[in-house]
Amino acid sequence: MKLPEEFLNTYLPELVEENVQVRIIGDESALPPHTMRAIEKAVKDTAQNDGLILNFALNYGGRTEIVTAAKTLAEKVKEGSLNIEDIDESLFSKHLMTESLQDPELLIRTSGEIRLSNFMLWQVAYSEFVFTDVLWPDFKENHFLQALGEYQQRGRRFGGI
């Protein structure tokens, strides 16, 4: 858990300069203090930026996120502040950690793994996937451009035929 701190110590000035906003999803309570200090500083220093969003998923699990959202909605139904008939995909999405973000159009999975690994299970339902053998630390601009080129060749159907 030293990588986020190392990354931010190196790149935070550039993120600020390039108008990038840093956010975090996941259970922050279990993160080491040094990691949380670095993340909190980055979130604070970039809070006013309105360009690209860099979202760190730390101590995050898609299943836990879905269960937490379901429990929150169930509690609202139980206390009477929500009718069960009002629960739909849109309302459910608003109770996820990514509620203020659009669903990803493209997910690039590095390291040669061909699986989601419990990552954004709800949000990637209609995303396009690119899998690469390149490890994340070695993933460079040319790899990103190659993935974008592959994505541009696809016809997005959002679940349709």
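Our subject is the structure listed above.
Let us look at the structure shown here.

Rules used in this analysis
Residues numbered from 1 in each chain as written. Predicted model: local features only at pLDDT ≥ 70, side-chain atom pairs only at ≥ 80, totals over all residues. Heavy atoms only, no water. Helix = DSSP H or I, 4+ residues; strand = E, 2+ residues; numbered from the N terminus. Buried < 20%, exposed > 50% of the residue type's maximum accessible area, 1.4 Å probe, protein only. Contact = heavy atoms within 4.5 Å. Areas by Shrake-Rupley, 256 points an atom, 1.4 Å probe, with all protein chains shown as cover. Lys, Arg positive; Asp, Glu negative; His and termini not counted. Charge placed at Lys NZ, Arg CZ, Asp CG, Glu CD. Polar contact = N/O pair within 3.5 Å; in protein donor to acceptor, adjacent residues only side chain to side chain. Axes fitted to C-alpha atoms, helices over the stretch in contact; angles between N-to-C directions. Parallel < 35°, antiparallel > 145°, perpendicular 65-115°, else oblique. Nonpolar A, V, L, I, M, F, W, Y, C, P; charged D, E, K, R; others polar.

Counting its secondary structure elements, the chain contains five helices and four strands. Counted from the first residue to the last, the chain has its helices and strands arranged as α-β-α-β-α-α-β-β-α. For the chain, the spread of C-alpha atoms along the three principal axes comes to 50 × 45 × 30 Å. Taking all 161 residues of the chain together, 29% fall into the buried category. Put simply, of all contacts in the chain between residues at least 6 apart along the chain, 65% involve residues at least 24 apart. Counting only carbon and sulfur atoms, one obtains 52% of the accessible surface of the chain, whose full area is about 11,000 Å². Positive and negative side-chain charges of the chain, numbering 16 and 26 respectively, have mean locations separated by a distance of 4 Å.

Looking at the secondary structure, you find Gln123 in the loop between β3 (106-109) and β4 (128-131). Reaching out from Gln123, the side chain makes a polar contact with the side chain of Thr98 at a distance of 2.7 Å. Each residue touching Gln123, except ones within four places of it in the same chain, is listed here: Tyr60, Glu65, Leu96, Thr98, Asp103 and Pro104.

Here helix α1 (residues 3-17) crosses helix α2 (residues 33-46) at 10 degrees, and the two axes come no closer than 9 Å. Considering the angle they form, α1 stands roughly parallel to α2. Residues Pro4, Glu5, Leu8, Leu12 and Val16 of α1 form the contact with α2, whose own contacting residues are His34, Thr35, Ala38, Ile39, Lys41, Ala42, Asp45 and Thr46. For the contact of α1 with α2, a count of residues per class yields seven nonpolar, three polar and three charged.

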